[in-house]
Amino acid sequence: MVKHQQGAVTAVMNMSLFLLPGLLCSASGLQRQYHFRNENMTWTDAQIYCRERYTDLATVDSMDDVHWMVNTVNDGYSGSVWIGLQRAPQSHWIWSNVESTISQYSNWFFNQPDGELLNEFCVLTINGFWQDVKCNKVLYFICYNEMTGYIMINSYKNWTGAQSYCREYHTDLATVHSDAEQIQLTAVAGFLESVWIGLYSDAWQWSDQWSLFFRNWATEYTSRTTGFGDCVAMSIVSEKWVQSPCNELHHFICYGDVKKQTVRMKLTLDGKYNLHDPSLQTAILNKIIEKLKIAGLNSRSTIRWRADDSGEVFHPESKSTSNLNTCDSN
């Protein structure tokens, strides 16, 4: 846990969780059921097929989902399969760990970002500020580990290679929520060192309009690579994603029969803390996930906060808010 979050962790460790109905906060586990179809179709025909018989072409939130999809494929098939990702009309700056866009916090250097003009769609940090550069540049990088915090990796990789390394050996490329976390990351990296962080520009969307941004590109691709195609296929062997022409013929994976389970919780904190701080919200959410896993939460389920119409997650408990659901699973 990074330094900025130590107080939050203390708060969460002192937190009481009561699994009672009708209280302040709810969390739901979402589990998709994947279905491999061993017939060749274009991406659009596969989308129509999945929507008619299931829910849609496969949407993916994590590496656990990737592994689960591969396990549904018939033995002996080693080709590629369509998933439900297609090129979007607009791009967004998002984090590799899929938690959010950068709407809440950013720390760009002067006149940055300028990637749309220069084809610079991946982000490094140097001297405590962010700069967008070409994704094939090779740099050292900072991983984030849920157990130990930020970790400097003294190995040169392009952005996609750095992302793959961090996901394999740690949690993901580093995410930065605040000035305090940026200071912590800069201390780990060294003040004059340019290092990759987990921010990048994405121009893809899920067929079902799902709002999370998990991506698992093969090393030669980024979310802004063009010229290969506007639809996405996954290699069954490498589990990596490639951009392909939508009129190619591939087997495909649908999803459907979504199952949800809801648990309501009341949070009681010792002391005064700013519950609108994203770092504290993340620490509290991690503690909730830990307790739900102990209680039997499926390892493939994902938990997310759900804000109300005003953008707030937490509210003081009162008669008017005692039934308010402020966190959700996606």
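In what follows, the structure referred to is the one given above.
No experiment lies behind these values; they were computed from the predicted model shown.

Visitor: Looking at this structure, I do not really get the overall build of the protein chain. What am I missing?
Guide: When you go through the protein chain residue by residue, the secondary structure sums to 7 helices and 15 strands. The proportion of buried residues among the 330 residues of the protein chain is 52%. In the protein chain, once contacts between residues fewer than 6 apart in sequence are set aside, the share between residues at least 24 apart is 73%. Surface exposure of the protein chain reaches about 15600 Å², of which carbon and sulfur atoms provide 50%.

Visitor: How should the pattern of salt bridges be read in this particular structure?
Guide: Opposite charge on two side chains permits pairing when their charged atoms draw close. Inspection of the entire model under this criterion finds 8 salt bridges. Between Arg 215 and Asp 202 there is a salt bridge; the shortest N-O distance is 2.9 Å. Of this pair, Arg 215 sits in the loop between strand E10 (195-206) and strand E11 (231-235) while Asp 202 sits in strand E10, and the two are 13 residues apart along the sequence. Residue Arg 215 shares its accessibility class with Asp 202, and that shared class is buried. Here the salt bridges share partners, and the residues they tie into one network are Arg 32, Asp 61 and Asp 65.

Visitor: Would you take a moment to explain the nonpolar core for this structure?
Guide: Taken as a class, soluble globular proteins show a tendency for nonpolar side chains to be buried jointly. Ranked by size, the top nonpolar core spans 24 residues in total, and within it Val 60, Met 69, Ile 83, Met 234, Trp 241 and Ile 253 carry the most contacts. Beyond its immediate stretch of four places on either side in the chain, Ile 83 contacts Trp 43, Leu 57, Ala 58, Met 69, Trp 206, Val 232, Met 234 and Trp 241. Residues Val 123, Ile 142, Tyr 150 and Ala 174 belong to the second largest nonpolar core, which totals 18 residues.

Visitor: Explanation requested: the pairing of E11 in the structure shown.
Guide: Remember that side chains alternate between the two faces of the sheet whenever the strand is regular. Most of E11 is tucked away, with 5 of its 5 residues classed as buried. Of the two faces of E11, both are covered, the one formed by Cys 231, Ala 233 and Ser 235 as well as the one formed by Val 232 and Met 234. Note that strand E4 (residues 80-95) and E11 share 4 bridges and pair antiparallel. If you follow Gln 86 over to E11, its bridge partner there is Cys 231. Strand direction decides the pairing type here: E11 and strand E12 (residues 241-244), joined by 4 bridges, are antiparallel. Residue pairing for E12: Met 234 is matched across the bridge by Trp 241. The antiparallel hairpin formed by E11 and E12 contains 5 residues in its connecting segment, where Glu 239 sits at a positive phi of about 65 degrees.

Visitor: Quick question: what am I supposed to make of unusual backbone geometry here?
Guide: Backbone geometry follows two general trends: most residues other than glycine have a negative phi, and most peptide bonds adopt the trans configuration. A cis amide bond, omega 0 degrees, links Gln 112 with the succeeding residue Pro 113. The topology assignment puts Pro 113 in the loop between E4 and helix H4 (115-118). Of note, the phi angle at Gln 209 is positive, near 65 degrees, even though the residue is not glycine. Summarising the element assignment, Gln 209 is placed in the loop between E10 and E11. With a phi angle near 65 degrees, Glu 239 is a residue other than glycine that sits in the positive phi range. For Glu 239, the position within the fold is in the loop between E11 and E12. We classify Glu 239 as buried; its relative accessible area is 17%.

Visitor: Please explain the packing of aromatic side chains as it appears in this structure.
Guide: Note on aromatic pairs: each is described by the distance of the centres and the angle between the planes. Scanning the model with the defined rule gives 16 aromatic pairs in all. A ring pair is formed by Trp 217 and Trp 241, whose centres lie 6.2 Å apart and whose planes are at 80 degrees; its orientation type is edge-to-face. Here the residue Trp 217 occupies a position in the loop between E10 and E11, and Trp 241 occupies one in strand E12, the gap between them amounting to 24 residues. Looking at Trp 217, the relative accessible area reads 2%, which means it is buried. Among the aromatic side chains, those forming a connected cluster through ring pairs are Trp 93, Trp 95, Tyr 105, Trp 108 and Trp 130. Here the basic side chain of Arg 32 rests over the ring of Trp 210, its NZ or CZ set 4.8 Å away from the ring centre. The side chain of Arg 32 reaches across the aromatic face of Tyr 255, ending 5.4 Å from its centre.

Visitor: Is there a simple way to explain the side chain of His 250 in this structure?
Guide: Checked against the element boundaries, His 250 lands in strand E13 (residues 250-268). There is a polar contact of 2.9 Å between the side chain of His 250 and the side chain of Glu 248. Apart from the residues within four sequence positions on either side, His 250 is in contact with Glu 39, Asn 40, Met 41, Ser 80, Trp 82 and Ala 233.

Visitor: Please clarify how the state of the cysteines should be interpreted in this entry.
Guide: Each disulfide consists of one covalent bond between the sulfur atoms belonging to two cysteines. Counting across every chain of the model gives 4 disulfides. Shown here is the disulfide that connects Cys 122 with Cys 135, its sulfur atoms set 2.0 Å apart. Across the disulfide from Cys 122 to Cys 135, rotation about the S-S bond amounts to roughly 95 degrees, and the bridge is consequently right-handed. Taken together, the residues Cys 122 in strand E5 (residues 122-126) and Cys 135 in the loop between strand E6 (129-133) and strand E7 (139-145) connect sequence positions 13 residues apart. We note that Cys 122, like Cys 135, is buried.

Cut-offs and rules
Residues numbered from 1 in each chain as written. Predicted model: local features only at pLDDT ≥ 70, side-chain atom pairs only at ≥ 80, totals over all residues. Heavy atoms only, no water. Helix = DSSP H or I, 4+ residues; strand = E, 2+ residues; numbered from the N terminus. Buried < 20%, exposed > 50% of the residue type's maximum accessible area, 1.4 Å probe, protein only. Contact = heavy atoms within 4.5 Å. Areas by Shrake-Rupley, 256 points an atom, 1.4 Å probe, with all protein chains shown as cover. Salt bridge = Lys/Arg side-chain N within 4 Å of Asp/Glu carboxyl O. Core = buried A, V, L, I, M, F, W, Y, C linked by side-chain atoms within 4.5 Å. Pairing = 2+ DSSP bridges. Phe/Tyr/Trp six-rings, centres within 6.5 Å; stacked < 30°, edge-to-face > 60°. Lys NZ or Arg CZ within 6 Å of the ring centre and 35° of its normal. Polar contact = N/O pair within 3.5 Å; in protein donor to acceptor, adjacent residues only side chain to side chain. Disulfide = S-S within 2.5 Å.

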